[in-house]
Amino acid sequence: MTIAPHLGTRPGDRVIGRTRETMLLRVALDAGRHVLLDGPAGAGKTVLLRAACRDRRLVEVDAITVSSAGGLVGRADPLGLLPQRLATRSGVPARAAPEFLVGPLVAAMRSGAVFVLDGADRLSPDAFGVLVPAMSEGELVVPGLGTVRACPGFAIVATASTEDRAGTGAIPAAFLDRTARLRLDHPSGPDARGIVLERVPGTDPRLVARSVAVVRASRRHPDLAIGSSIRGAIDLCAVADALERLAPRTGIRSGSTEDDQRWAARLALSARLYPAAETTRPVEAIIDELWDGVLLGEHRAEPDIGHRLPPSTIVALEQPSAPASSGPPTDDAANDPDGDGNGPGTDAPWDSQTSGARAAAGRGPGGASMGGARDDQQPPEMVLRETEAALASFVGGSSSPGEALDIGASPSRDEVRRLVEAASRVVVRRLDGARTVRAQGTRLASVRYNFRSDDLDLDRTVEELVANPIPAWSDIWVRDRVPRRRGVVLILDVSGSMRGEPLVHAATAAGAATLALAGSDDLAVVAFWRGTAVLRAPGEPVEVLPVVGRVLALRPWGLTDIAGGLTRGAELLERMPTSQRQALVMTDGEANTGAHPLAVAARFSRLDVLATDSSPATLQRCRALASAGHGTCRSYDGLGELPLRLSELLSG
Amino acid sequence: MGRFDTRTGDALTDPLRDDPASVYARVAAEVVGRDDQLRAMLAVLVAGRNLLLEGPPGTGKSTALRAIARHGGASLTMVEGNAEMSPQKMLGHHDPAAVLQHGYRPEDFVPGPLPTAMNAGGLLYVEEFNRLPEDTLNTLLTAMSEGELHVPRFGLVAARPGFRVVAAMNPFDNIGTTRVSVSVYDRLCRLAVGYQSEEEETEIVLRRTGADPELIRTAVRVVRRTRGHPALRSGCSVRGAIDLVLLVASLRELDGGVEHDDDLGVAAGLALSSKIVVDDAHGGTAEDAIADILTEVTGAQADVVPRS
């Protein structure tokens, strides 16, 4: 049995409407472009694609069935490689030359077919590694097979729903950079009615219209984060039909068609609708409201909105938001003459979003390094002094004599730098004993046999046997649990309310998180006030001390834009190549500028909140933020307890 | 095992679709109460859709589904969702010894629960659905929407008519669960299943234990009070009442039929404390909460910890 790519179109797929999108896709393929079809679940990506490629050869692959690069390019038949003696012992005559089992990607390149990758956001990172050279060079070097050249007509069409964050990983920028993106939204009203009628033939056209209207309304309802796709309308009609065919309910009530249709709406839609975070009503109540709205709407002359789709265009994707100002922070840190990765006297080694971020950079008396910052965003001298005085007293209050620094009313640049370094060392010393935490749960992966799991991974074991005919126990591959790698972003409030002593707390949090997640998880650190700054970018290898120093070099000041900070954190999370993502914000929860934070918090799959004080008002705000972000809220009692509370949140 | 037939040529009928009304009548006669829910479950299955049953444990989800499968003539393949349920276990594997002998041959494929249910045209019942790892959930996608499944090194498995996925989960279960993705939800019809009514629960406990009706009524009231109690984050199902009644009976038996005042309290501590979850914010232990509830229901001061 060879790997059998699914060839050709399937019968019964007919696209309804979508003439413009079909045309655009055909044009892009004619022009030799690779295409990413991006749209919500159930928008009809697969159907459209099959229709547009009617006259082309297709090689379709479902990304979830591809676990490694070998699943795309193919592999030498391991059994053919088994050496003579093992083969004779097992009664198989040894083959002269090992047979190469061609994978779907190589098959598509050789035949000039369109390679269809369904659910590209679910493809393993390893497999993307072979897609990219095939896309840009049209050429692929396959060990054991040689160079494979793409024949004319070869193109890759990938489908993905980039909004769907659960169960999907990030698509690498290198892949996005080589594709044209065709955005596919839900079908228009008339198209949707046609599709439903085709899938559930014989349905009363009035019910079809109602079911389409209700799913379309669900996508606009303020209490819903995610509405239903057309599959909801199809299921609604099918279930309503089945309810009618069942006998009326036993008991005194007898089912009427209207009641049954409402029941069908609840059954078909309630799994598909995601209530928004701040919604307390059960989803059934929202469905009832939507359904009532549809029934009411029938009495009004509803002008059909028609083709509500945003004009779909083919545009090459630009690079995802990369640090604009100073490049990857690692570079700057490496070139830092101070040697500690950060000197408050130098330009901030992190990117910043607004000119206000200059407040985060080091500064000298008289604001020598503040050139270019807008005046209204500059903190007054007094504010800076207040934090520096707090740092000095923090260092002075620590148990080590000799590090106490006396700063005058107007410290020099150098004095400030030494103050920050001293304070950083104290913070790090006090972190002693911070617990290392691991992501909750584990994932299954192929590992060498270690006397634990006996769940044999046959494919890899056979490959191992080829290389080593007299296997040891460690040449057996099994599927076993390995720790899960997480992406974590720590979001620190450094607005005006954090000036003085609280900044030390923020720095402690950054240090404790770095220690706690060292070696196991990816950590990013963001600070926000009315602007934002990335103190540690995802993947940046930074020690504890510089991270703490970067926080202490900040001078808290100004208004609080929690939503802005959360948005920045969410962006960083999305750049992390993990499927498990978690955010932690340290704040007093009081936002006085920017968007409402609760709506942004709801975007996170998990946002925990560390409240900076325990007053009832703060706790109330922070709890609301945490519950919107599907996380928990903790407060801490003094600096000594902070690392413990933080690791509790990080360990879930 | 070893032989696995994926031909779809033979015209198998879908028994559930043939005569839904009589299946409904027979199931309703067997299950206590639950008229509307049974009708809804059947409607989704008759319509050939995939079903998600959402509700706390012990609300009769499995009981109802088993009755539907039996009376509807559909096969039922059960899968318990947990973190160990890898995609390979869901799909199936090749017999290792045979692979070393002959290479990968279709006849050496040992199908997992998903291809088995597809091939039988039956129901695949996945309990604790939200405990399945993400990649295992993903294997269900094409099977649910297109009735097709690609198994690496085996080929394409096509579902016979009658194949449906029924998923069950407890939405309030936060420990060890994964967030189910939109793509999966987009292929499911959902039915929220709540607790039975007081009369129905009394009837269920009576059928299971046959004990003193007065004791059963007290047990059911205690158990119902655990749900929505301010000190508790989640209460227990009718299983708690069954255990409570059985424990009281056996405590009395141990003492030769002599009744003690604290029998109910001790039995409640044993039967219920593992089934309820205390709200951290409220403080207090599970035993405190149970003692409060007993006092409230019986009117007498209750001791949950046995007197020494």
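Residues numbered from 1 in each chain as written. Chains lettered and ligands numbered in written order. Predicted model: local features only at pLDDT ≥ 70, side-chain atom pairs only at ≥ 80, totals over all residues. Heavy atoms only, no water.

### Comments concerning the overall build of chain B
Along its length, chain B carries 14 helices and 11 strands. Across the 308 residues that make up chain B, the buried fraction comes to 54%. Taking as baseline every contact in chain B between residues at least 6 positions apart, the subset at least 24 positions apart corresponds to 73%. (Helix = DSSP H or I, 4+ residues; strand = E, 2+ residues; numbered from the N terminus. Buried < 20%, exposed > 50% of the residue type's maximum accessible area, 1.4 Å probe, protein only. Contact = heavy atoms within 4.5 Å.)

### Some words on the sheet that holds strand E18 (residues 532–536) of chain A
All names here are of chain A. Strand order in the open sheet formed by 6 strands is E18-E17-E16-E19-E20-E21, and the pairing between neighbours is mixed. The strands lining the two open edges of the sheet, one partner per strand, are E18 and strand E21 (633–635). Within the sheet, the average angular offset between the axes of one strand and its neighbour, ignoring direction, is 20°. In the sheet, strand E16 (residues 486–493) pairs with strand E19 (residues 580–587) via 7 bridges, with the strands oriented parallel. Bridge pairing in E19 links valine 489 to alanine 583. (Pairing = 2+ DSSP bridges. Axes fitted to C-alpha atoms, helices over the stretch in contact; angles between N-to-C directions.)

### With respect to the pairing of E18(A)
Residue and element names in this part refer to chain A. In terms of burial, E18 is largely enclosed, as 5 of its 5 residues are buried. Across 4 bridges, the pairing between strand E17 (residues 522–528) and E18 is antiparallel. When the sheet's bridge partners are listed, valine 526 is paired in E18 with valine 534. Counted along the chain from E17 to the antiparallel partner E18, the turn is 3 residues long.

### Description of helix H10 (residues 205–218) of chain A
Side chains of residues three or four places apart in an α-helix project in the same direction, reflecting 3.6 residues per turn. All names here are of chain A. An ideal rise of 1.5 Å per residue puts 20 Å on 14 residues; H10 measures up with 20 Å between its terminal C-alpha atoms. Among the 14 residues in H10, 10 count as buried, and that is most of the element. Among the structural elements, helix H9 (189–199), strand E11 (224–226), helix H11 (230–245), helix H12 (257–269) and helix H13 (283–297) are those in contact with the buried residues of H10. (Expected span 1.5 Å × (residues − 1).)

### A word on the environment of B:Asp18
Residue and element names in this part refer to chain B. Summarising the element assignment, aspartate 18 is placed in helix H1 (residues 15–18). Overall, the relative accessible area of 54% leaves aspartate 18 in the exposed class. Considering only alpha carbons, one finds aspartate 18 and glycine 72, 54 residues apart in sequence, at a separation of 9.2 Å.

### Considering the interface of chain B and chain A
With 55 residues of chain B at the interface, the matching set in chain A holds 59 residues. Between chain B and chain A the total buried area reaches about 5300 Å² when both faces are included, carbon and sulfur atoms providing 55% of it. Where chain B packs against chain A, one counts 6 salt bridges. The closest approach of N and O atoms between A:Asp260 and B:Arg39, which form a salt bridge, is 3.1 Å. If you look at where chain B meets chain A, you find 10 residue pairs in polar contact (both at pLDDT 80 or more). With 8 residues, helix H3 (residues 35–46) of chain B is the largest single contributor of residues to the side of chain B that touches chain A. (Buried area = accessible area lost by both parts, 1.4 Å probe. Salt bridge = Lys/Arg side-chain N within 4 Å of Asp/Glu carboxyl O. Polar contact = N/O pair within 3.5 Å; in protein donor to acceptor, adjacent residues only side chain to side chain.)

### Looking at the packing of aromatic side chains
Aromatic ring pairs: the centre-centre distance and the angle between the two ring planes describe each pair. Applying the stated criterion across every chain yields a total of 3 aromatic pairs over all chains. Look at A:Tyr274 and B:Tyr185: their rings are 5.6 Å apart centre to centre, the planes differ by 75°, and that puts the pair in the edge-to-face class. In this pair, A:Tyr274 is assigned in strand E12 (residues 274–275) and B:Tyr185 in helix H9 (residues 182–185), connecting two distinct chains. When the centroid spacing of 4.5 Å and the interplanar angle of 25° are considered together, the rings of B:Phe109 and B:Phe154 count as stacked. Residue B:Phe109 is found in strand E4 (residues 109–111), and its partner B:Phe154 is found in the loop between strand E6 (148–151) and strand E7 (155–158); the two are separated by 45 residues along the sequence. Grouping residues by exposure puts B:Phe109 and B:Phe154 together as buried. (Phe/Tyr/Trp six-rings, centres within 6.5 Å; stacked < 30°, edge-to-face > 60°.)

### Concerning the pattern of salt bridges
Residues and elements named next belong to chain A. Tallied over the full model, the rule gives 39 salt bridges over all chains. The salt bridge involving arginine 555 is made with glutamate 388; its shortest N-O contact spans 3.0 Å. Of the two residues, arginine 555 is situated in the loop between helix H19 (544–552) and helix H20 (562–575) and glutamate 388 in helix H15 (residues 381–397); the sequence distance between them amounts to 167 residues. Residue class for glutamate 388 comes out buried when judged on its relative accessible area of 0%.

### Overview of the confidence of the model for chain B
Residues and elements named next belong to chain B. On average, chain B scores 84 in pLDDT, and the residues at 70 or more come to 91%. Within chain B, the lowest mean pLDDT, 74, falls on H1, and the highest, 94, falls on strand E5 (residues 123–127). Note on residues 6–11: pLDDT under 50 across the span, and 7 contacts to partners over four residues away in sequence or across chains. Across the whole predicted complex the pTM is 0.63, and at the interface the ipTM reaches 0.75. (pLDDT = per-residue confidence, 0-100.)

### Looking at H12(A)
Here H12(A) is 13 residues long and its end C-alpha atoms lie 18 Å apart, about the 18 Å a rise of 1.5 Å per residue gives. On its buried side, H12(A) packs onto H10, H11 and H13 of chain A together with H3 and strand E9 (189–192) of chain B.

### Considering unusual backbone geometry
Peptide bonds are mostly trans, and most non-glycine residues show a negative phi. Located in the positive-phi region is A:His630, a residue other than glycine, with phi close to 55°. The topology assignment puts A:His630 in the loop between helix H22 (616–628) and E21. Classification of A:His630 by relative accessible area gives partly exposed; the value is 45%. Unlike most non-glycine residues, B:Glu128 shows phi in positive territory, near 50°. With respect to the element layout, B:Glu128 can be found in the loop between E5 and helix H8 (134–146).

### Things to note about the environment of B:Val31
Residue and element names in this part refer to chain B. With respect to the helices and strands, the residue valine 31 is situated in the loop between helix H2 (20–30) and H3. Look at valine 31 and you get buried, because its relative accessible area is 13%. Counting along the chain gives 29 residues from valine 31 to glycine 60, while the straight-line C-alpha distance between them is 8.9 Å. With sequence-adjacent residues up to four places away left out, valine 31 is seen in contact with Leu38, Ala64 and Ala67.

### Re the packing of H11(A) against H12(A)
All names here are of chain A. Contact pair H11 / H12: the axes reach a minimum separation of 8 Å and the direction vectors enclose 135°. Comparing the axis directions of H11 and H12 gives the class oblique. Between H11 and H12 the crossing geometry is right-handed. Of the residues in H12, those touching H11 at Gly232, Asp235, Leu236, Val239, Ala240, Leu243 and Glu244 are Thr257, Asp260, Gln261, Trp263, Ala264, Ala265, Leu267, Ala268 and Leu269. Among the residues making up the contact of H11 with H12, the classes are represented as 10 nonpolar, 3 polar and 3 charged. (Parallel < 35°, antiparallel > 145°, perpendicular 65-115°, else oblique. Left-handed = near helix turned anticlockwise from the far one by under 90°. Nonpolar A, V, L, I, M, F, W, Y, C, P; charged D, E, K, R; others polar.)

### A short note on the pairing of strand E2 (residues 34–38) of chain A
Residue and element names in this part refer to chain A. With 5 of its 5 residues buried, E2 lies for the most part within the structure. Both E2 and strand E10 (residues 179–183) contribute to a ladder of 5 bridges, which runs parallel. Counterpart to leucine 36 in the pairing with E10 is arginine 181.

### Some details on the packing of helix H10 (residues 198–209) of chain B against helix H11 (residues 213–226) of chain B
All names here are of chain B. Interaxial distance between H10 and H11 falls to 10 Å at its minimum, and their mutual angle equals 125°. When the axes of H10 and H11 are compared, the pair comes out oblique. With respect to the hand of their crossing, H10 and H11 are arranged in right-handed fashion. Contact residues: H10 offers Glu198, Glu201, Thr202, Val205, Leu206 and Thr209, while H11 offers Ile216, Arg217, Val220, Arg221 and Arg224.

### Quick notes on the side chain of B:Arg227
Residue and element names in this part refer to chain B. Of note, arginine 227 is situated in the loop between H11 and strand E10 (232–234). The exposure class of arginine 227 is buried, given its relative accessible area of 15%. Once residues within four sequence positions are removed from consideration, arginine 227 is found in contact with Tyr195, Glu201, Gly235, Cys236, Ser237 and Val238.

### Concerning the sheet that holds E9(B)
Residues and elements named next belong to chain B. Pairing is parallel in the open sheet, where 5 strands are placed in the order E2-E5-E8-E1-E9. The open sheet terminates on both sides in strands that have one partner only, identified here as strand E2 (76–80) and E9. Within the sheet, the average angular offset between the axes of one strand and its neighbour, ignoring direction, is 20°. Direction of pairing for E5 relative to strand E8 (residues 164–169): parallel, over a ladder of 4 bridges. Bridge pairing in E8 places tyrosine 125 opposite valine 166.

### Some thoughts on the state of the cysteines
Evaluated as defined, the whole model comprises 0 disulfides over all chains. Left unpaired, A:Cys633 is separated from the closest cysteine sulfur, that of A:Cys622, by 5.1 Å. (Disulfide = S-S within 2.5 Å.)

### Re the environment of B:Val205
Residues and elements named next belong to chain B. With respect to the secondary-structure elements, valine 205 resides in helix H10. Separated by 37 residues in the primary sequence, valine 205 and isoleucine 242 have C-alpha atoms spaced 5.5 Å apart. Aside from chain neighbours lying at most four places away, what touches valine 205 is Gly210, Ile216, Val220, Val238, Ala241, Ile242 and Val245.

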